[in-house]
Every structure is written in C-alpha cells, then in structure tokens.
Amino acid sequence: MKEIRFHGRGGQGAVTAAEMIAIAAFEDGRFSQAFPAFGVERRGAPVLAFARIDDKPIRMRSQVYEPDYVIVQDVTLLDVVNVTGGLKPDGKIIINTDRDASALKLNTEAEVVTIDATRIAIDALGRPIVNTTMLGAFCGATGEVKLESLEKSILARFSGSLGEKNIQAIRTAYERVAR
Amino acid sequence: MKMIAKEELSLKERMARMRVVEGSYAVAHAVKCCSPDVISAYPITPQTHIVEHLSQFVADGELDSEFLTVDSEFSAMSSLVGASAAGARCYSSTTSQGLALMWEVLYNAAGMRLPIVMTVANRALSAPLNIWNDHQDSVGARDSGWIQLYAEDVQEAADAIPQAYKIAEDPEIRTPVMVCMDGFILTHVYEPVELLSVEEVERFLPPYRPEHILDPENPKTFGAFADPSYFTELRYMQWDAHRRALNKIETVAREFAEEFGRWYGGLIDTYRADDAEVMIVTMGSVIGTIKDCIDVMRSEGMKVGLVKIRSYRPFPTEALRKALKDAEVVAVIEKDVTVGNEGALLTDLKAALYNTPTRIPVIGFPAGLGGRDITVRDIRRVVDRAIAARDRGIEAEMEFLSLREDLL
C-alpha cells in the first residue's frame, strides 16, 4: 500500500487533489481511498488530505502517519507545519517552490522534488491554483498513477476549456519532473 | 447456491462495476434507488452532502420525491411522521445536535410504528462543540425504539438503505430504522463503490403497501392517548417487534447477498474468530483498521479475532453469546461513554454474557471520541491490555483509549 499526504491551505484544492489521485489510481485498476483531515476549512488555513493506493481493497481508516509521498502545495507551509513528519526515508516529497531542493534544507532522508507549480498554473490557467499542476508533478516523480488516468480524472471534474487548461498544466509539470 | 456464485465474482469483475465516489453520494444514490415519496431534512455537518445530493437529484428530475426543506430537525422528523402515517415511504438524515433536537419525535415515530429510514452521520454531542465523529448521538438514541444498524464502510452504508426499508416496512416489524455511518470518516471519504440501480432495488425491495394509513375517506388515528390499561401492551408490542427483527435483519441481509453478492453479516459478523483467544467487539468504521491490525498480529502468532456489531438495536444477545463462548478475553472498543457508568456497549455485552456459563474477563475502551483518530498503535494497546487481563486479572474494567494525561 502507498500512502500520500497532501499539505495545502484552505481553498487551494488539496482535498480535490486527493480525490483525483484516488479516481486516477482506480482507473489504473488499483484500489484507492481519499479523505480530508476533517478540519474546519477556512480559506488560507493549513489543511491536510490523505490518499491510499493498493492492489487490494483498502480497509484502513486511520490517518496517514508514515506517508510514502508528501505533496506540499504552498511552500510557506514549511514554516508552520512539519511537512516531512513520518515521511519514509525511501519516499518522496514534492514541493511547490521556485527554489532548488537543496536550498530548502528539509529534515528528511527522502528525495525532495521541487517544481514551480505556481508559475505553471498561472501560465496555463491564468490563476495560481496549483492542485492539478502538483498532481502532474506527482505523476511524473512517482509513476504511481498513469498520466492518461490522471487526465481522465481531471476531465471528469473540469469540463470544456477549463479541463483542457488543466491538462496542459499537468503535462507541463509531468514533463518537468519525469525522468 | 446463488449467493455463493455471486460472492465468487472476481475482484476484477466487481471493480468493473465500481466507481470512486464520496460516501455521502453513495448513500444519497442508494436512497434514490429506493424511490422515497417524501424526504425531509435539515442540513448539518457532516450530514449535509447526503441531503444536498438528494436535493440535486430531485431538482434534476432524477428522483420523483417531495423534498421538504424545513426549519429544524424537529420539523424534519415531525413532517415525516405525518407523511409516513399517510402511507409515504420516507427518508431523512441527520447527526449529533440535529438528532438530539429530534428526540421526542424519534419516540413518536417508533411508537406509532412508522417505517421511516434515516441515516445518522455519527458525530459527537456538545458541549464542548465538536463536529467530528463518535457514536454518542445514536447510542444516546438507542432506547427510542428505532432499529439501529452500524456500517463498516461506504458500500455497507449505502447497501444498508434498501435493507433498512425492507426490514422497517415488513408488516411483522413496522419499526423505523437508523442506518449509522461514521461522520466524515465515511461521509467524506472517496472510495470505490458499486452503485445500485432502481431496477435492481425494485427486484429486492417490494413497494410499500401499509395496511393502515391516515385517509380522510376512512378516518383513523395514530399515536393517540393510551391510558395505563393499554400502554404496557403497546410497549410490549414494540419490544416484540424488535425481537422479531432479530430474524428479519438476518433474513434481509441474506436476501441482499443473494441478489447483489455483498454480505456484511446479519446481526453481527466475525473476522478470524474461529480459534481466537482475544476477541475485539466493536461497531462502525474502525472495523477496517482493526481487521488490518488483526492480520498483522495473526502473522506474529497472536490469536486475535473480531466481532462486528451490525445491529445494536435489537441487541444480538444470542449471536454474541455464541460468537464469544470460546474466547478467553473480550475487549470492547466503542465511540461513546455513558457518563456516570461506562461504555454503553460494554454494559450491554457484559449483561448478555452474565447468565451463561461463559466466565471470561470483559474490558472496555471508549475511543475515537470527538474525532480522535484510532490508530494501529491504539488497537495493539487494547490487545495488550486484554491479554494482561486474561493472564493477571482485570486491572481496570474500562480505560479511555489514548487519553492525554498531560491535559488533565
């Protein structure tokens, strides 16, 4: 089982991102689960969401304490939340920032992947809403979900030109981090 | 047997029929497939999404129901009492303070033998204000006369709706049913679910044809005054209907499994219980976490099993006696506490075992109160405590799980 923790701020769509990962993973033929950390979600407040992916039905209902992957949608959260808490040493953390991974000096053995998702989102969507862009980066950095499945789940959520713009953002982010 | 054939559907075949949806959507969809005539509800976290989806179905013309937007939960249940007495299939959903505000009408619905079905998105009761999950709300309503079923996952919370109508509307039962699902944990989770269809449900659930209804052409009265010479008998008949429901809940669960290939247990279910020395008894969504823990502990050679309470009212006394007769110790995990005594389920379970030859330690753990996460470590602690109670005697009959001593 792979466990993912999303850090965002209220209004940035962290919960939606977790849902879309779950839908994409299921599209790939795997079982999945996504849930928010059930806070009182005020705009701008730190929020948490979780996702699980497994080859068999998922029964575990506790929160995720030792994630394989962490996605940080807002780099300012690094000052207020322990985003690397419990992250597995062989895991990955993907952070939205224009800085290099080494400059962040994170306390983790896990691989740190950085991407300027805000810039990509502004270019593609005209707005700094980074949740879908970060999913593209997650997809490229981890290979846990197929890009086409992710795109399918995005298009199911956002129709018309908004869907197309989100696909563009996802592909840009994917290509930037994929090896 | 048909049931076994369907149970043998491969995981791949089942996945082909699944969609990843929110728990609240799955429940609303199941309600839609039961074609209720009247829905009446007042929005309250974390139930809101259920009634929002239903309202959407009605607005979009996908569901032909009268959707009453009322001023309170008291009005929600009161309006359904009237509608149900007039012969309508009725649905509501609420939680916590909303359920508390319905209190006197809950007893009226049950006393008037109205087969209303309601989802309770379980949440703590104030004060202090807390919007998160525990079972204090519905456990507090356990004596209201409603049947109470508790769901382990989203699929069960959805599938319990047609089962609830079939139980409630049976002429032998005629008793309202609460389907309890953990607020947020199940209402807000996205996971793969097999959604029902109207046609499938129609094959399983007969139309509601009540024998007695309010009808101006044929005037009758419901829930009228009963003086001391009648009242006991009416209470007895309610009590007796719950006794009959013990069989009915099992039968309906089997019928559902035959039709849809999904089985959640009847009154109870068990997991790796056959040779279990330590038995955990619990209800609701924590069961999934416990099952995963049991698999790990079993791989370490620990003989741990689980009894899932699916029907809390009627209480499955006989089924529990049978399931626990060979256990060496029992640990109850429950998301409520009776202030001034102990956990409600702990008391019920001990009472069930008292007049039997089974003489084993039974200890209890209020847990997950007000949304406190129940972790793998917590489950291990419960099992450690249970083994200690078996080997060295009971130290504490009840212990608040993951109590933060530093805050006291």
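Since the structure is predicted, the reported quantities are computational estimates derived from the model, not experimental observations. (Residues numbered from 1 in each chain as written. Chains lettered and ligands numbered in written order. Predicted model: local features only at pLDDT ≥ 70, side-chain atom pairs only at ≥ 80, totals over all residues. Heavy atoms only, no water.)

The next thing to look at is the overall build of chain A. Within chain A, the regular secondary structure consists of six helices and six strands. Its C-alpha radius of gyration of 15 Å places chain A within 12% of the 16 Å reference for a compact globule of 179 residues. With respect to the three principal axes, the spread of C-alpha positions in chain A is 40 × 40 × 35 Å. Burial status across chain A gives 55% buried among its 179 residues. As displayed, chain A offers around 7,700 Å² of accessible surface, 46% of which is attributable to carbon and sulfur atoms. (Helix = DSSP H or I, 4+ residues; strand = E, 2+ residues; numbered from the N terminus. Rg over C-alpha atoms; globule rule 2.2 N^0.38 Å. Buried < 20%, exposed > 50% of the residue type's maximum accessible area, 1.4 Å probe, protein only. Areas by Shrake-Rupley, 256 points an atom, 1.4 Å probe, with all protein chains shown as cover.)

Residues and elements named next belong to chain B. Relative to the helices and strands, Ile39 is located in strand 2 (residues 38-41). In this structure Ile39 comes out as buried when scored by relative accessible area, which is 0%. When neighbours within four sequence positions are excluded, Ile39 is seen to be in contact with Leu54, Leu63, Ser65, Glu66, Phe67, Leu68, Leu80 and Tyr91. (Contact = heavy atoms within 4.5 Å.)

Strand-to-strand pairing in sheets goes through backbone hydrogen bonds, with the strands running parallel or antiparallel. Residue and element names in this part refer to chain B. In space, the five strands of this open sheet follow the order 9-11-10-13-14, with mixed pairing throughout. Only two strands of the sheet have a single partner each, and these edge strands are strand 9 (268-271) and strand 14 (362-366). Strand after strand, the sheet turns through a mean of 20° between neighbouring axes, direction not considered. Two strands pair when backbone bridges link them, and strand 13 (residues 329-334) and strand 14 are joined in this way by five bridges, in the parallel orientation. Each bridged residue has a counterpart across the sheet, and for Ala331 the counterpart in strand 14 is Ile363. Across the sheet, helix 15 (residues 376-392) is in contact with strand 10 (278-282), strand 11 (304-309), strand 13 and strand 14; its angle to strand 13 comes to roughly 145°. (Pairing = 2+ DSSP bridges. Axes fitted to C-alpha atoms, helices over the stretch in contact; angles between N-to-C directions.)

All names here are of chain B. Here seven strands make up an open sheet; going across it, the order is 3-2-4-5-7-6-12 and the pairing mixed. Single-partner strands in this sheet number two, and they are strand 3 (66-69) and strand 12 (311-313). For this sheet, the mean inter-axis angle between neighbouring strands, taken without regard to orientation, is 20°. In this structure, strand 6 (residues 147-150) lies alongside strand 7 (residues 177-182), joined through four bridges in parallel fashion. Within strand 7, the residue paired with Leu149 across the bridge is Val179. In the packing of helix 9 (residues 154-169) onto the sheet, contacts are made with strand 4 (90-94), strand 5 (117-122), strand 6 and strand 7, and the angle to strand 7 comes to roughly 170°.

So, about the side chain of Arg313 of chain B. Along the polypeptide, Arg313 of chain B turns up in strand 12. When neighbours within four sequence positions are excluded, Arg313 of chain B is seen to be in contact with Arg142, Asp143, Trp146, Ile147, Gln148, His242 and Asp348 of chain B.

Residues and elements named next belong to chain B. Taken as a whole and assessed by the stated rule, the structure comprises 48 salt bridges over all chains. Arg17 is the salt-bridge partner of Glu194, the closest N and O atoms lying 2.7 Å from each other. Here Arg17 lies in the loop between helix 2 (11-16) and strand 1 (18-22) and Glu194 lies in strand 8 (residues 190-194), a separation of 177 residues in the sequence. Since its relative accessible area comes to 4%, Glu194 is described here as buried. A salt bridge links Arg89 to Glu169; the shortest N-O distance between them is 2.8 Å. On the criterion of sequence distance, the pair formed by Arg89 in the loop between helix 5 (73-85) and strand 4 and Glu169 in helix 9 is long-range, its members being 80 residues apart. Given the relative accessible area of 8%, Arg89 is considered buried. Here Glu169 falls in the buried class, since its relative accessible area comes to 12%. Sharing partners across several salt bridges, the network here consists of Arg14, Arg17, Asp159, Glu194 and Arg262. (Salt bridge = Lys/Arg side-chain N within 4 Å of Asp/Glu carboxyl O.)

We now examine the pairing of strand 1 (residues 2-9) of chain A. Residues and elements named next belong to chain A. In terms of burial, strand 1 is a largely internal element, seven of the eight residues being buried. Pairing analysis gives eight bridges linking strand 1 to strand 3 (residues 46-54), with the strands arranged antiparallel. Note that in strand 3 the partner of Ile4 across the bridge is Ala51. Sheet analysis places strand 1 next to strand 4 (residues 69-72), joined by four bridges and oriented parallel. Within strand 4, the residue paired with Arg5 across the bridge is Val70.

A few words on the domain arrangement of chain B. Residue and element names in this part refer to chain B. Assigned domains of chain B: these are domain 1 (9-263) and domain 2 (269-407). Distance between the C-alpha centres of domain 1 and domain 2: 27 Å. Counting from both sides, the interface comprises 28 residues of domain 1 and, opposite them, 26 residues of domain 2. Surface buried jointly by domain 1 and domain 2 totals about 2,100 Å² across both partners, of which 50% is contributed by carbon and sulfur atoms. On the domain 1 side of the contact with domain 2, Arg142, Tyr150 and Glu152 bury the most area, a combined 29% of that side's loss. In this assembly, domain 1 and domain 2 are joined by six salt bridges. For Asp348, the salt bridge identified is with Arg142, shortest N-O distance 3.5 Å. Where domain 1 touches domain 2, the interface holds 18 residue pairs in polar contact (both at pLDDT 80 or more). Breaking the side of domain 1 that touches domain 2 down by element, the ones donating at least two residues are helix 8 (136-140), strand 6, helix 9 and helix 11 (228-260). Here the side of domain 1 that touches domain 2 takes five residues from helix 11, the largest share from any one element. Across the side of domain 1 that touches domain 2, the residue classes break down as 15 nonpolar, seven polar and six charged. (Domains from an automatic or database assignment. Buried area = accessible area lost by both parts, 1.4 Å probe. Polar contact = N/O pair within 3.5 Å; in protein donor to acceptor, adjacent residues only side chain to side chain. Nonpolar A, V, L, I, M, F, W, Y, C, P; charged D, E, K, R; others polar.)

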